[in-house]
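Here is what each chain is made of, one letter per residue.
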Amino acid sequence: MEYQQYLDAHQDRFVEEYLEFLRFPSISALPAHAPDVQRAAEWVADRVAQAGLENAEVMQTGGHPVVYGDWLHAPGQPTVLIYGHLDVQPVDPLDLWDHPPFEPRLADDRVSARGASDSKGNMFPTIVALEGLLQSEGRLPVNVKLCYEGQEEIGSPQISDFLARHKEKFACEIAVSSDGGQFDADQPSLTVALRGVCAVQVDVTGPSRDLHSGSYGGSVCNPIHELAAMLAGLHHKDGSVAVPGFYDRVREATTEERAQTAAVPFSEEEFLTETGARAVFGAPGYTTRERIWHRPTLEINGVWGGYQEAGIKTVLPSRAGAKITCRLVADQDPEEIRTLLIDHLTHAAPEGVAVDVQRLSMDGKPYEIPSGNRFNRIAAAVLTEEYGKAPVYLRAGGSIPITGCFRDHLGVHTVNFGFGLKDELAHSPNEFFRLSSFRRSQRLYARLLRRMAVQ
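Values in this document were obtained by computation on a predicted structure and should not be read as measured data. Residues take numbers from 1 onward in each chain, read along the sequence in its written order. Where totals are concerned, whole chains, interfaces and linings use all residues; where local detail is concerned, this predicted model gives features only for residues with pLDDT of at least 70, and gives and counts side-chain atom pairs only at 80 or more. As a convention, hydrogens and water are excluded, and side-chain values are obtained from all of the structure's heavy atoms.

Colleague: Sorry, what's going on with empty space enclosed by the protein here?
Modeller: It is a probe the size of a water molecule, rolled over the atoms, that shows where empty space is left. Using a 1 Å grid laid over the protein atoms alone, points where a 1.4 Å probe fits but cannot get out form a cavity; open sets with protein on both sides within 12 Å along at least 5 of 7 lines form a pocket; any residue with an atom within 4 Å of a point counts as lining. Grid points are joined across faces, edges and corners, and a volume is the space filled by probe spheres set on the points. Applying the stated criterion across every chain yields a total of three cavities of 30 Å³ or more. By volume, the largest cavity amounts to about 110 Å³. For the lining of the largest cavity, the secondary-structure elements that each account for two or more residues are β8 (189–194), β15 (367–368) and β16 (392–396). Under this grouping Gly is polar, as are all residues other than the nonpolar Ala, Val, Leu, Ile, Met, Phe, Trp, Tyr, Cys and Pro and the charged Asp, Glu, Lys and Arg. A breakdown of the residues in the lining of the largest cavity according to their chemical character gives nine nonpolar, one polar and five charged. Of the pockets and cavities examined, the second largest cavity occupies roughly 50 Å³. What lines the second largest cavity is simply Gln182, Asp184, Ala185, Tyr387, Phe419, Leu421, Ser437 and Arg440. Counted by class, the lining of the second largest cavity contains four nonpolar, two polar and two charged residues. We count a stretch as a helix when DSSP gives it H or I for four or more residues in a row; a strand needs E for two or more, and each element gets its number in order from the N terminus.

Colleague: Please clarify how unusual backbone geometry should be interpreted in this entry.
Modeller: If a residue is not glycine, its phi is most likely negative; likewise, a peptide bond is most likely trans. Each neighbour pair has its own omega, and for Asp118 with Ser119 the value is 0°, a cis peptide bond. As for its placement among the helices and strands, Ser119 is situated in the loop between β5 (110–112) and α4 (120–137). The omega torsion across Ala330 and Asp331 is 10°, close enough to zero to call that bond cis. Among the structural elements, Asp331 can be located in the loop between β13 (319–328) and α11 (334–348). Positive phi, close to 50°, is recorded for Ser156, a residue that is not glycine. Secondary-structure assignment places Ser156 in the loop between β6 (143–149) and α5 (159–165). Of the residues examined, Ser156 reaches a relative accessible area of 5% and is grouped as buried. The cut-offs for exposure are 20% and 50% of the maximum accessible area for each residue type, with area from a 1.4 Å probe on protein chains only; residues under the lower value are buried, those over the upper are exposed, and the others partly exposed.

Colleague: How should I be thinking about the sheet that holds β16 in this particular structure?
Modeller: Hydrogen bonding along the main chain pairs the strands of a sheet, whether they run parallel or antiparallel. Only when DSSP finds a minimum of two bridges between them are two strands counted as paired. Strand order in this open sheet of three strands is β15-β8-β16, and the pairing throughout is mixed. Where the open sheet ends on each side, the last strands, each with one partner, are β15 and β16. Relative to β15, β8 runs antiparallel, the two being bridged by two bridges. Paired with Ala193 across the strands is Glu368, a residue of β15. Two residues form a contact once any of their heavy atoms are found within 4.5 Å. Axes, fitted as lines to C-alpha atoms, cover a helix only where it is in contact. Angles between the N-to-C directions of the axes lie from 0 to 180 degrees. In the packing of helix α12 (residues 374–387) onto the sheet, contacts are made with β8 and β16, and the angle to β8 comes to roughly 150°.

Colleague: Teacher, can you tell me more about the sheet that holds β6 here?
Modeller: One open sheet accounts for six strands, arranged β1-β2-β6-β3-β7-β17; its pairing is mixed. In this open sheet, the two edge strands, each paired with only one partner strand, are β1 (54–59) and β17 (414–416). Adjacent strand axes in the sheet meet at a mean angle of 20° when their direction is disregarded. Pairing of strand β3 (residues 79–85) with β6, which is carried by seven bridges, proceeds in the parallel orientation. Considered in β6, the bridge of Thr79 is made with Asn143. Sheet strands in contact with α4 are β2 (66–71), β3 and β6, and its direction is about 155° off that of β6. Packing against the sheet, helix α13 (residues 402–410) makes contact with β3, β6, β7 (174–177) and β17, and its axis sits at approximately 150° to β3.

Colleague: I'm lost on helix α7 (residues 223–232) in this one. Help?
Modeller: Side chains three or four residues apart in an α-helix point the same way, a direct result of the helix having 3.6 residues per turn. Buried within α7 are the following residues: Pro223, Glu226, Leu227, Met230 and Leu231. Projected down its long axis, α7 carries its buried residues within an arc of 135°, all on one side. In α7, the exposed positions that point more than 90 degrees away from the buried face belong to His225 and Ala232. Contact partners of the buried residues in α7: β9 (196–205), β11 (297–305), β12 (315–316), β13, α11 and β14 (354–364). Near the N-terminus of α7, the side chain that reaches the backbone nitrogen of Ile224, with its oxygen 2.9 Å away, is that of Asn222. Directions drawn from the helix axis to the C-beta atoms are what define this arc. A 3.5 Å cut-off defines polar contacts: any pair of N or O atoms within that distance qualifies, except that in protein one atom must be a possible hydrogen donor and the other a possible acceptor, and neighbouring residues in sequence count only when both atoms are side-chain atoms.

Colleague: Can you help me understand the packing of aromatic side chains in this one?
Modeller: The relation between two aromatic rings is expressed through the spacing of the ring centres and the mutual angle of the planes. Pairing of aromatic rings covers Phe, Tyr and Trp, the last counted by its six-membered ring, and requires centre-to-centre distances within 6.5 Å; plane angles under 30 degrees mean stacked, over 60 mean edge-to-face, and any other angle means tilted. Counted by the stated rule, this structure contains 13 aromatic pairs. With centroids separated by 6.2 Å and ring planes inclined at 55°, the aromatic side chains of Phe24 and Trp43 adopt a geometry described as tilted. Here Phe24, found in the loop between α2 (11–22) and α3 (34–51), pairs with Trp43, found in helix α3; they are 19 residues apart in sequence, far enough to count as distant. Owing to a relative accessible area of 13%, Trp43 belongs among the buried residues under this scheme. Residues Phe246 and Tyr247 carry aromatic rings whose centres are separated by 5.2 Å and whose planes lie at 85° to one another, so their mutual orientation is edge-to-face. Overall, the relative accessible area of 2% leaves Phe246 in the buried class. Its relative accessible area of 27% is what places Tyr247 among the partly exposed residues.

Colleague: Looking at this structure, I do not really get the state of the cysteines. What am I missing?
Modeller: What we call a disulfide is simply a covalent bond connecting the sulfur atoms of a pair of cysteines. Cysteine sulfur atoms that pair up within 2.5 Å are treated as a disulfide. Taken as a whole, this structure holds zero disulfides when the rule is applied. Unpaired in terms of disulfides, Cys198 finds its nearest cysteine sulfur in Cys326, a separation of 4.3 Å.

Colleague: Can you help me understand helix α1 (residues 2–9) in this one?
Modeller: Within α1, burial applies to Tyr3, Tyr6 and Leu7. Seen along its axis, α1 keeps its buried residues to an arc of 100°; they face one direction. For α1, the exposed residues set more than 90 degrees away from the buried face come down to Gln5, Asp8 and Ala9. Buried residues along α1 sit in contact with α2, α4 and α14 (435–452).

Colleague: Sorry if this is basic, but what is going on with the side chain of Ser117 here?
Modeller: Here Ser117 is to be found in the loop between β5 and α4. Reaching out from Ser117, the side chain makes a polar contact with the side chain of Glu424 at a distance of 2.9 Å. With residues near it in sequence (within four places) discarded, Ser117 still touches Asn122, Gly420, Glu424, Glu431, Phe432 and Phe433.

Colleague: Looking at this structure, how should I read the pairing of β3?
Modeller: It is a general feature of regular strands that their side chains alternate between the two faces of the sheet. Counting buried residues in β3 gives seven out of seven residues, a clear majority hidden from the surface. Burial along β3 is two-sided: Thr79, Leu81, Tyr83 and His85 facing one way and Val80, Ile82 and Gly84 facing the other are all buried. Strand direction decides the pairing type here: β3 and β7, joined by four bridges, are parallel. Each bridged residue has a counterpart across the sheet, and for Val80 the counterpart in β7 is Ile174.

Right, dumping it as structure tokens:
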């Protein structure tokens, strides 16, 4: 293939550019790094233009930006929207890194840096693949639009409103997401579902100040006691969620979907070793994988209140609080679940304390792609040809919030076509990406776009 010859001939340059991209500390969660996210977006827009695409620009969202570009000269062919994100996670704890996280280290055919795998190492090859096709063949096989966002790692809070305002600009027949991975280096996979998410913070206030526990204990409500009871009441003993209405909209997995999940290799012993847990846990009637992939959850992420330092301080605390997130499956709605949770916590509070439940900004709808989607079948064929075996079908426990926005505002599904591997320490110190995956993803994106063209 001409594009492969071009990719091979320029691979050293692509690696150097990848390292340059990684040097931007584009941490979307930290306000001090907002200028770095903007600079990274400007770099990407320039690189998109250099690749030969048109109308490259940095678009403002009211939060972190989105980079757009297009090439729309393939009449009669579908328009493919390629998605990726240029923001990264915070880097703490710094003392666990082998090197500064934004000074990429290249060794043993691996690049180590924050964002190396999640998701700059997956996103940048999409630009390279487009350049390879344009520079070697003078055109693309399909129409292409780009959507590279700078706020995925904080839940894409402005993206829904942004896409609602720019429906026509981003209109397409299918979206393809580079933010993801393969099951392992030798087994391809396609992620066909992503859980949604919503979050709240609950604050419980009792007396106006911390009180002496000897003088006042047992005479007024202790906010920690009441919060503990409220949190305990969120689950049944078997681990299922006790909030009324929580499961009302859950669509049970079909026989085919459960069979797809069962076909994915799983070792309970390896799972326990990986997690450090003593035993698996969860509602009866489901396997461990099904609990993660097919079932919604409610998790208490943090609890605080009272004295936390060494020794003892005999107080009855004035306040206590907790943060809670729910992972959601089709056809649950984040706002509906959040309202149910707020109502449940509010009504569970005794008269002796005040309870305030705040909506937190993390929000994303669950997403699924239909099993018969034509573009997903094309992606499966491309992977089968590359790996010599058919992909397994995964259902991720985490979220990519924009996939629900593409469905709701653009009316399209998303093919998940990423190449990160689970051992690459995404979100952790010493994150890395294999250059073998960096090279592989370039040719597979070129091949995917060719296969998506109407013959």
